Amino acid sequence: MNAQQLVDERGDLWLALAPLWLDREPGERDYARMIEVIERYELSLKELEWVFRLELAPVMSRYQLSVASEWRKFDDYQLMKRLVHHNLRLTGWRRKRWMLFSGLTTMMTRHRINELMNRLMVHRGQLPS
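Residues numbered from 1 in each chain as written. Predicted model: local features only at pLDDT ≥ 70, side-chain atom pairs only at ≥ 80, totals over all residues. Heavy atoms only, no water.

Draft legend 1. Structural context of the overall build of the chain. Assigned secondary structure in the chain consists of six helices and zero strands. In the chain, the succession of α and β elements from N to C terminus is α-α-α-α-α-α. For the chain, the C-alpha radius of gyration of 14 Å lies close to 14 Å, the compact-globule estimate for 129 residues. Taking the principal axes of the C-alpha coordinates as reference, the chain spans close to 35 × 35 × 25 Å. Across the 129 residues of the chain, 41% fall into the buried class. (Helix = DSSP H or I, 4+ residues; strand = E, 2+ residues; numbered from the N terminus. Rg over C-alpha atoms; globule rule 2.2 N^0.38 Å. Buried < 20%, exposed > 50% of the residue type's maximum accessible area, 1.4 Å probe, protein only.)

Have a look at this one:
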């Protein structure tokens with residue numbers, strides 16, 4: 001897979017989920033947009049969890065750990081470059097390493113993805129567990 005294929009296949013999803021890492025809580029519009037895009041991709045909750053943990057968190061968690069934590073909006077171009085670079089290299093031992101450490105890279109936003117998954121289940125007519 002090349003960079004353009006990744007952008008075509010995942011770009012909208014990554015950008016829609018990026019607000020989970022902003023220094024403010026996502027709003028109703030953010031969650032509505034996330035659900036709209038997730039439904040377009042027809043992701044299961046399990047698939048969404050792995051996109052969150054493996055494709056996004058290793059890149060996005062670095063924003064939360066930066067000294068200058070004043071970020072209310074991402075530069076979409078720079079963000080996409082970083083996400084594509086990470087995901088092109090996400091094979092073999094790197095994939096296994098991120099699977100192992102994904103709990104650490106997601107702990108600061110776990111409450112947000114849980115909220116998103118609850119909203120997604122309600123949207124789909126499933127009962128949140």
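Draft legend 2. Region of interest: the pattern of salt bridges. Counted under the stated rule, the structure contains 10 salt bridges. With a closest N to O distance of 3.5 Å, arginine 40 and aspartate 12 form a salt bridge. Taken as a pair, arginine 40 in helix H2 (residues 28-41) and aspartate 12 in helix H1 (residues 3-17) lie far apart in primary sequence, 28 residues in all. On the basis of relative accessibility, which here comes to 46%, the residue arginine 40 falls in the partly exposed class. (Salt bridge = Lys/Arg side-chain N within 4 Å of Asp/Glu carboxyl O.)

Draft legend 3. Region of interest: the packing of H2 against helix H6 (residues 110-123). Two elements in contact, H2 and H6, have axes whose closest approach is 10 Å; the angle formed by their N-to-C orientations is 65°. Judged by the twist between their axes, the crossing of H2 over H6 is right-handed. On the side of H2, the interface is formed by Glu28, Tyr31, Met34, Ile35, Ile38 and Glu39, while H6 contributes Arg112, Glu115, Leu116, Arg119, Leu120 and His123. Residues that form the contact of H2 with H6 fall into these classes: six nonpolar, one polar and five charged. (Axes fitted to C-alpha atoms, helices over the stretch in contact; angles between N-to-C directions. Left-handed = near helix turned anticlockwise from the far one by under 90°. Contact = heavy atoms within 4.5 Å. Nonpolar A, V, L, I, M, F, W, Y, C, P; charged D, E, K, R; others polar.)

Draft legend 4. Local environment of unusual backbone geometry. Even without being glycine, glutamate 42 reaches a positive phi, approximately 55°. Secondary-structure assignment places glutamate 42 in the loop between H2 and helix H3 (45-65).

Draft legend 5. Expanded view of H6. Over its 14 residues, H6 runs 20 Å from end to end, which matches the ideal 20 Å to within 8%, given 1.5 Å per residue. Listed in full, the buried residues belonging to H6 are Arg112, Ile113, Leu116, Met117, Leu120 and Met121. Positioned one or two residues after H6, glycine 125 has a phi angle of 80°, which is positive. (Expected span 1.5 Å × (residues − 1).)

Draft legend 6. How the structure looks around the side chain of aspartate 30. Along the chain, aspartate 30 turns up in helix H2. Other than its neighbours up to four places away in sequence, aspartate 30 contacts Pro19 and Arg24.

Draft legend 7. Summary view of the packing of H1 against helix H4 (residues 76-88). Following both chains from N to C, one finds H1 and H4 inclined at 120°, their axes separated by 10 Å at the closest point. In this view, H1 runs oblique relative to H4, as classed from their interaxial angle. The two elements H1 and H4 meet at a crossing, and its hand is right-handed. Where H1 abuts H4, its residues Ala3, Leu6, Val7, Gly11, Trp14 and Leu15 lie against Asp76, Leu79, Met80, Leu83, Val84, Asn87 and Leu88. Of the residues that constitute the contact of H1 with H4, the class distribution is 10 nonpolar, two polar and one charged. (Parallel < 35°, antiparallel > 145°, perpendicular 65-115°, else oblique.)

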